Amino acid sequence: MRRALALPLLLAISACGPTAPPSRAPADEVGDLPVLTGRVVDDAGLLSPAQEAILTDALAMTEGATRHQFVVVTVPSLRGRSIERFGVDLGRSWQIGRKGIDDGVLLIVAPSERKVRIEVGYGLEQILRDEEARAIIDTRILPRFRAGNMAGGILAGSAAIIREINVPGATP
């Protein structure tokens, strides 16, 4: 029953207007990459605690159903890296996805640089192709970001990614 409610609830929250981000300091960083503290690492403070909790629950249920790992990360800065390089470095550092299968997904948002990326592990590239990731960014995430609704863009993009990777029989 919880699984059935999480995605509609995530979609409903993403349809809500902008919320004021909570004030909090970024997580401690190792080198210049954020520390993996959970399924949602909101170092840029773009999500309310309630939004973060609902998103965390949806990501956990998706992993339970598919075994694919999906992590959302927001950062105040890419620290001079391209978002592509940041995504690759972060994926390698955090080792998202199962070893030997590489079935992880990162949704990366860097609001200061106005960058967003969906980084997909090799094991999921046939399920979530580059064209689909680009379409999610262009149709689900960026319109909400442009309207000033960062949280809504993150939640809508996450819901679309979950729909793509939650394919029956897709789990190796």
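Since the model is a prediction, treat every value here as computed from it, not as a measurement.

1. Section: the sheet that holds strand β6 (residues 115–120)
Thought 1: The strand order β3-β4-β5-β6 describes an open sheet built from four strands, whose pairing is mixed. Two strands close off the open sheet at either side, each with one partner strand: β3 (40–42) and β6. Averaged over all neighbouring strand pairs, the angle between strand axes comes to 10°, with direction disregarded.
Thought 2: Strand direction decides the pairing type here: strand β5 (residues 104–110) and β6, joined by six bridges, are antiparallel. The residue of β6 that forms the bridge with Leu-106 is Glu-119.
Thought 3: Set on the sheet, helix α2 (residues 49–66) makes contact with β3 and β4 (69–74); between it and β3 the angle comes to about 150°.
Thought 4: Packing against the sheet, helix α4 (residues 130–146) makes contact with β5 and β6, and its axis sits at approximately 150° to β6.

2. A look at the nonpolar core
Thought 1: Core analysis: the biggest nonpolar cluster contains 30 residues, and Phe-70, Leu-107, Ile-118, Ile-154 and Ile-161 have the highest contact counts within it.
Thought 2: For this core, the secondary structure elements donating two or more residues are α2, β4, β5, β6, α4 and α5 (150–165).
Thought 3: Every residue in contact with Ile-161, bar those within four places of it in the chain, is listed here: Phe-70, Val-105, Leu-107, Ile-118, Leu-128 and Ile-136.
Thought 4: Core analysis: the next-biggest nonpolar cluster, separate from the first, contains 14 residues, Leu-78, Trp-94, Ile-96 and Leu-106 among them.

3. With respect to unusual backbone geometry
Thought 1: Although it is not a glycine, Arg-67 sits at a positive phi angle of roughly 75°.
Thought 2: Looking at where Arg-67 falls in the secondary structure, it is placed in the loop between α2 and β4.
Thought 3: Residues other than glycine seldom take positive phi values, yet Gln-95 does so here, at roughly 55°.
Thought 4: Note that Gln-95 resides in the loop between α3 (83–94) and β5.

4. Thoughts on α5
Thought 1: Here α5 is 16 residues long and its end C-alpha atoms lie 23 Å apart, about the 22 Å a rise of 1.5 Å per residue gives.
Thought 2: Summarising burial for α5: 13 of the 16 residues are buried, a large majority.

About the cut-offs
- Residues numbered from 1 in each chain as written.
- Predicted model: local features only at pLDDT ≥ 70, side-chain atom pairs only at ≥ 80, totals over all residues.
- Heavy atoms only, no water.
- Pairing = 2+ DSSP bridges.
- Helix = DSSP H or I, 4+ residues; strand = E, 2+ residues; numbered from the N terminus.
- Axes fitted to C-alpha atoms, helices over the stretch in contact; angles between N-to-C directions.
- Contact = heavy atoms within 4.5 Å.
- Core = buried A, V, L, I, M, F, W, Y, C linked by side-chain atoms within 4.5 Å.
- Buried < 20%, exposed > 50% of the residue type's maximum accessible area, 1.4 Å probe, protein only.
- Expected span 1.5 Å × (residues − 1).

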